Amino acid sequence: MANTIIDHVDAVIIGAGIMGLSAAYYLSKQGLKVCIVERESYIGGYTTMRCAGGIRQQFSSRENIMLSMLNREMMHELEKESHCNIQFNPCGYAFAFTEEKSLNEAEEAVKFQREMSVNAQILSSRQTAKMFGNIRVDDVLLTTYCRDDGLLNVSMLLGIIKKELYKQNVKILCDKTVCDIETKNEKINKVILDEGEIETSIVVNAAGPFAKQIGQMTNNSIPIEPSLQQVWVTEPVSWISKDMPVIIFGDEGTGFHWESGGVLSGYSRPYRKEEVSFAEIDLDWEIKHCKKAIERVPDLYDKKLISKWAGFYETTIDDLPIVGPYGPSGMYCIAGFNGHGITHGLACGYLLSKIITGKSIDVDISSLSYFRFHKAVSVKTGYKI
Ligand SMILES: Cc1cc2nc3c(=O)[nH]c(=O)nc-3n(C[C@H](O)[C@H](O)[C@H](O)COP(=O)(O)OP(=O)(O)OC[C@H]3O[C@@H](n4cnc5c(N)ncnc54)[C@H](O)[C@@H]3O)c2cc1C
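Residues numbered from 1 in each chain as written. Predicted model: local features only at pLDDT ≥ 70, side-chain atom pairs only at ≥ 80, totals over all residues. Heavy atoms only, no water.

Enquirer: Can you break down the overall build of the chain residue by residue, with the values?
Expert: The helix and strand tally for the chain stands at eight helices and 21 strands. Viewed in the frame of its principal axes, the chain has a C-alpha envelope of about 65 × 45 × 45 Å. Considering the chain as a whole, with its 385 residues, one finds that 55% of them fall into the buried category. Taking contacts inside the chain between residues at least 6 apart in sequence as the whole, the part at least 24 apart equals 75%. Element-wise, carbon and sulfur atoms account for 50% of the exposed surface of the chain, whose accessible area totals about 16800 Å². (Helix = DSSP H or I, 4+ residues; strand = E, 2+ residues; numbered from the N terminus. Buried < 20%, exposed > 50% of the residue type's maximum accessible area, 1.4 Å probe, protein only. Contact = heavy atoms within 4.5 Å. Areas by Shrake-Rupley, 256 points an atom, 1.4 Å probe, with all protein chains shown as cover.)

Structure follows, in structure tokens:
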């Protein structure tokens with residue numbers, strides 16, 4: 001069916017993860033005819049469906065905090081508009097530090113967050129021990145905490161956006177791969193699928209960890225690298241409750257929170273260049289992870305893992321996403337969320353829709369521009385796990 005025009009739309013979105021769905025939602029709300037193309041057989045996104053659901057405002061860069069705050073607003077608006085409850089669980093979110101060298105930066109971050117109206121605080125050792133009964137925190141020197149952060153029901157969020165997209169007649173083509181992007185006079189002209197073509201003047205690269213491959217279709221280098229990460233969930237344990245805050249051990253990279261009555265844990269895996277396009281569990285890393293987790297939570301010693309999965313963080317060198325135009329006229333990117341895409345998905349879809357439709361934005365997002373990589377810009381960030 002090559003060369004068959006299967007549609008003509010204002011905008012084609014590549015990828016049906018949180019970024020593609022969010023961009024499509026806000027673009028269609030502004031009256032654009034939108035089509036999403038997804039190569040998987042399901043809507044929800046390769047990475048998004050592997051997400052752990054943590055949502056936080058505790059970042060140390062202005063941009064990430066601003067995106068988190070805007071995202072909260074967008075979540076409330078989506079709830080109002082859809083008459084559905086996103087089921088955000090404000091169980092709180094903590095970062096615990098065990099090394100002297102981290103303390104100054106953690107304290108500075110809390111100060112900065114508070115200046116930006118984030119309800120962050122520093123917990124005493126006693127408060128930390130009380131909050132995390134079965135987790136070993138005796139070596140923790142400082143804990144930062146925000147009680148407004150917590151866990152999101154990702155399936156619920158995706159379900160609500162999907163419902164809204166159907167209402168707005170957004171077409172979602174699953175099991176279809178974008179193979180090429182055709183330009184005419186330096187402008188977007190067509191998207192070539194494995195079966196058929198779609199005429200359009202706007203293309204949004206929302207391909208998550210695969211955004212670089214989409215960039216190659218227009219000869220643009222997108223500096224987003226996939227970094228394999230994995231998590232597991234134990235069988236139910238008696239001591240954990242839904243109200244226990246998420247805890248991340250900032251110096252060692254482990255994290256724990258409630259999931260389906262058990263413990264979900266991750267262990268930040270250092271970046272290695274990935275040659276594969278699908279995420280397979282690194283068993284050596286899993287063994288290291290289990291050992292570290294048992295050191296922190298001795299009760300997990302005899303607990304079964306009931307599920308585990310791997311996915312890719314979509315990493316950029318400055319821990320900030322790319323949101324905005326690149327390459328030929330009509331080409332846009334919304335990708336590179338460094339492991340916090342669910343935290344910023346609605347906000348960035350909203351901002352991108354404003355950029356595409358030429359509307360003004362009342363926040364400065366110039367540091368999310370693709371073109372920043374052409375300058376020697378250094379952005380202070382932290383809390384990379
Ligand atoms: C283990 C793990 C835990 C995480 N935990 C959290 C968390 O607690 N909190 C948080 O905020 N974030 C978390 N994240 C990060 C978050 O999941 C991602 O930042 C976010 O889901 C990225 O969404 P996306 O839409 O950019 O990418 P994706 O969800 O990957 O969507 C991109 C889609 O593009 C499609 N695609 C690619 N190429 C093509 C093509 N040529 N044609 C058609 N379709 C194509 C892919 O199939 C994919 O479905 C986690 C990630 C992982 C891996």
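Enquirer: Mind laying out the packing of helix α2 (residues 62-82) against helix α8 (residues 341-356), listing which residues take part and the relevant values?
Expert: Relative orientation of the contacting elements α2 and α8 amounts to 80°, with a least axis distance of 7 Å. In terms of orientation, α2 lies roughly perpendicular with respect to α8. For the pair α2 and α8, contact is made by N64, L67, S68, L70, N71, M74, M75 and L78 and by I342, T343, H344, G345, L346, A347, C348, Y350 and L351, respectively. (Axes fitted to C-alpha atoms, helices over the stretch in contact; angles between N-to-C directions. Parallel < 35°, antiparallel > 145°, perpendicular 65-115°, else oblique.)

Enquirer: An account of the nonpolar core is needed here, citing residue identities and associated values.
Expert: Membership of the largest hydrophobic core comes to 49 residues, with the highest contact counts inside it found for I13, L21, I36, L157, I161, L165 and V204. Of all the secondary structure elements, the ones that give two or more residues to this core are β2 (11-14), α1 (18-29), β3 (34-37), α2, α5 (154-167), β14 (202-205), β21 (331-335) and α8. Broken down by element, the residue count for this core peaks at eight residues, all from α1. Contacts of L165, omitting those with residues within four sequence positions, involve L21, A24, Y25, S28, I36, V170 and I172. By size, the runner-up hydrophobic cluster in this structure holds 31 residues, among which are V9, V37, I181 and A335. (Core = buried A, V, L, I, M, F, W, Y, C linked by side-chain atoms within 4.5 Å.)

Enquirer: How would you sum up the pairing of strand β11 (residues 178-184)? Please name residues and give values.
Expert: Where β11 and strand β12 (residues 187-193) come together, six bridges link them in antiparallel fashion. Considered in β12, the bridge of E182 is made with K190. Counted along the chain from β11 to the antiparallel partner β12, the turn is two residues long, and its residue N185 has a positive phi close to 50°. (Pairing = 2+ DSSP bridges.)

Enquirer: How would you sum up the site of the ligand? Please name residues and give values.
Expert: In the neighbourhood of the ligand, 37 residues make up the surrounding shell, with E38, T47, T48, G54 and T343 lying closest. Here Y46 contributes a backbone N or O atom positioned 2.8 Å from an oxygen atom of the ligand. Within the backbone of V178, one N or O atom sits 2.9 Å away from a nitrogen atom of the ligand. Contact with the protein chains removes 97% of the 1000 Å² of surface that the ligand exposes when unbound. Elements that contribute at least two residues to the shell around the ligand include exactly α1, β19 (305-315) and α8. The biggest single contributor to the shell around the ligand is β19, with four residues. Partitioning the shell around the ligand into residue classes produces 17 nonpolar, 14 polar and six charged. When residues of the shell around the ligand are assigned to domains, at least three fall in each of domain 1 (5-50 + 155-223 + 318-374) and domain 2 (93-147 + 225-315). (Near = heavy atom within 4 Å. Polar contact = N/O pair within 3.5 Å; in protein donor to acceptor, adjacent residues only side chain to side chain. Nonpolar A, V, L, I, M, F, W, Y, C, P; charged D, E, K, R; others polar. Domains from an automatic or database assignment.)

Enquirer: Which residues make up unusual backbone geometry, and what values go with them?
Expert: Excluding glycine, residues mostly carry a negative phi; peptide bonds, for their part, are mostly trans. Phi at Q87 is positive, roughly 65°, even though this residue is not glycine. Its place among the elements puts Q87 in the loop between α2 and β5 (88-89). By relative accessible area, Q87 is classed as partly exposed at 39%. Phi is positive for D319, close to 70°, though the residue is something other than glycine.

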